[in-house]
Amino acid sequence: MRKQIVAGNWKMNLDYSEAKALLQDLFKLNKKFNPDTEVVICPSAPYIGVFAELLADHNWLKLGAQNCYYMDNGAFTGEISPIQLKSLNVEYCIVGHSERRDNFNESYDLLSKKVKALVNHGITPIFCCGEQLQVRESNVYREFVMKQIEDSLFAFTAEEIVKCVIAYEPIWAIGTGKTASAEEAQEIHGLIRSRISSQFGEKVASEVSIIYGGSCKPENAAELFAQKDIDGGLIGGASLKADDFCQISNSF
Ligand code: PGA
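So, here's what we can say about the structure. (Residues numbered from 1 in each chain as written. Predicted model: local features only at pLDDT ≥ 70, side-chain atom pairs only at ≥ 80, totals over all residues. Heavy atoms only, no water.)

**What about the site of the ligand?**
Not every one of the 13 residues close to the ligand is listed here, only the nearest: Lys11, His97, Glu169, Gly175 and Ser215. A distance of 2.7 Å is found between an oxygen atom of the ligand and a backbone nitrogen or oxygen belonging to Ser215. Computed on the free molecule, the ligand has an accessible area of 280 Å², of which 95% lies beneath the protein chains in the complex. (Near = heavy atom within 4 Å. Polar contact = N/O pair within 3.5 Å; in protein donor to acceptor, adjacent residues only side chain to side chain. Areas by Shrake-Rupley, 256 points an atom, 1.4 Å probe, with all protein chains shown as cover.)

Written out as structure tokens, the structure reads:
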């Protein structure tokens, strides 16, 4: 059965002491988090090493990274490899967030290499897709999102794709307070699952978690997560408040 997942994307927020304080707040809420939900936090890269140690006694909370490179090691100044992440018990890594696609020109091909490297090293990629507002309004958003997925993921085998999580994040909903309606989100989640099914088979499609991101918060999470193809959320702003993040984990 596929997992229900709530992943916090802290982005480039919080200084070190603020990040540790937020982690302590999450620890205090331990018993209140939904035990049937995979709860993941993705802090900024410099904090991952210390967080790995602090999380050693809290295995209900999984550690994720926000980005990585695809090579194992070498002369790639400033980059982080999946092997390095693995050595710190990182279990998830966001790939292809729209902020990286837009600000750092990450191509479909680069993202494909990152996903492959992560899967090879036993880290679950959270592969992001989603359309800009003008694409949504021009009505070709379905084809646009399917192309993002096909170009980066469809050269993989069924064994590889089943190890990925997909996050549908319409860019017009990220950090804007404007959430996709549950119906709008479900439409794309359903399409993603049926496209995976036609490519890799129904069983594989039924095992891939597809989560929603874009202004997901305690007020709208339950309606979104009630949709049959929405398996949780990638949470930005609301993951910076321990109570909100905890409440979202209980919205299934
Ligand atoms: P948001 O961000 O929840 O603040 O909209 C989501 C994301 O970018 O992953």
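**Description of the sheet that holds strand S1 (residues 4-9)**
One key point about sheets: their strands pair by backbone hydrogen bonds, in either a parallel or an antiparallel sense. Judged by pairing direction, the barrel is parallel, and its eight strands sit side by side in the order S1-S2-S3-S4-S5-S6-S7-S8 before closing back on the first. If you compare each strand with its neighbour and ignore which way they point, the axes differ by 30° on average. Of the pairings in the sheet, the one linking S1 to strand S8 (residues 232-235) comprises four bridges and is parallel in character. Of the residues in S8, the one forming a bridge with Gly8 is Ile235. (Pairing = 2+ DSSP bridges. Helix = DSSP H or I, 4+ residues; strand = E, 2+ residues; numbered from the N terminus. Axes fitted to C-alpha atoms, helices over the stretch in contact; angles between N-to-C directions.)

**Observations concerning the environment of Asn67**
Looking at where Asn67 falls in the secondary structure, it is placed in the loop between strand S3 (61-65) and helix H3 (82-86). In this structure Asn67 comes out as buried when scored by relative accessible area, which is 17%. Along the primary structure Asn67 and Arg142 are separated by 75 residues, whereas in three dimensions their C-alpha atoms are 26 Å apart. Apart from the residues within four sequence positions on either side, Asn67 is in contact with Leu85, Cys93, Ile94, Arg100, Glu106 and Lys114. (Buried < 20%, exposed > 50% of the residue type's maximum accessible area, 1.4 Å probe, protein only. Contact = heavy atoms within 4.5 Å.)

**A few points about the pattern of salt bridges**
Counting across every chain of the model gives 16 salt bridges. Across the pair Arg100 and Glu106 runs a salt bridge whose closest N-O atoms are separated by 2.8 Å. The exposure class assigned to Glu106 is buried, which follows from its relative accessible area of 7%. Between Arg195 and Glu150 there is a salt bridge, with its nearest N and O atoms 2.6 Å apart. Linking Arg195 in helix H9 (residues 182-200) with Glu150 in helix H7 (residues 141-153), this pair joins segments that are 45 residues apart in sequence. (Salt bridge = Lys/Arg side-chain N within 4 Å of Asp/Glu carboxyl O.)

**Section: the packing of helix H11 (residues 218-225) against helix H12 (residues 242-249)**
For the pair H11 and H12, interaxial distance at closest approach is 9 Å and the crossing angle is 20°. Considered as vectors, H11 and H12 are oriented roughly parallel to each other. In this structure, H11 meets H12 at a crossing whose hand is right-handed. Every residue of H12 that contacts H11 at Pro218, Ala221 and Phe225 is listed here: Asp244, Gln247 and Ile248. For the contact of H11 with H12, the residue count by class is four nonpolar, one polar and one charged. (Parallel < 35°, antiparallel > 145°, perpendicular 65-115°, else oblique. Left-handed = near helix turned anticlockwise from the far one by under 90°. Nonpolar A, V, L, I, M, F, W, Y, C, P; charged D, E, K, R; others polar.)

**Looking at the environment of Arg136**
For Arg136, the location among the structural elements is in helix H6 (residues 133-137). C-alpha separation for the pair Arg136 and Ile166, spaced 30 residues apart in sequence, amounts to 19 Å. Once residues lying within four places of it in the same chain are set aside, the contact partners of Arg136 are Glu131, Tyr141, Tyr168, Trp172, Glu184 and Ile188. Of the polar contacts made by the side chain of Arg136, one reaches the side chain of Glu131; its length is 2.9 Å.

**A look at the nonpolar core**
Formed by 67 residues in total, the largest nonpolar core has its most connected members in Phe51, Leu153, Ile166, Ile192, Ile196 and Tyr212. Sequence-distant contacts of Ile192, that is, excluding residues within four places in its chain, are made with Cys129, Val145, Met146, Ile149, Ile166, Tyr168 and Ile210. Of all hydrophobic cores here, the second largest spans twelve residues; its members include Cys42, Val165, Ala167 and Leu234. (Core = buried A, V, L, I, M, F, W, Y, C linked by side-chain atoms within 4.5 Å.)

**Comments concerning H12**
All buried positions along H12 are accounted for by Ala242, Phe245, Cys246, Ile248 and Ser249. Buried residues of H12, seen end-on, are gathered within an arc of 160° and therefore sit on one face of the element. On its buried face, H12 sits against S1, helix H1 (16-28), strand S2 (37-42), H11 and S8. (Arc of directions from axis to C-beta.)

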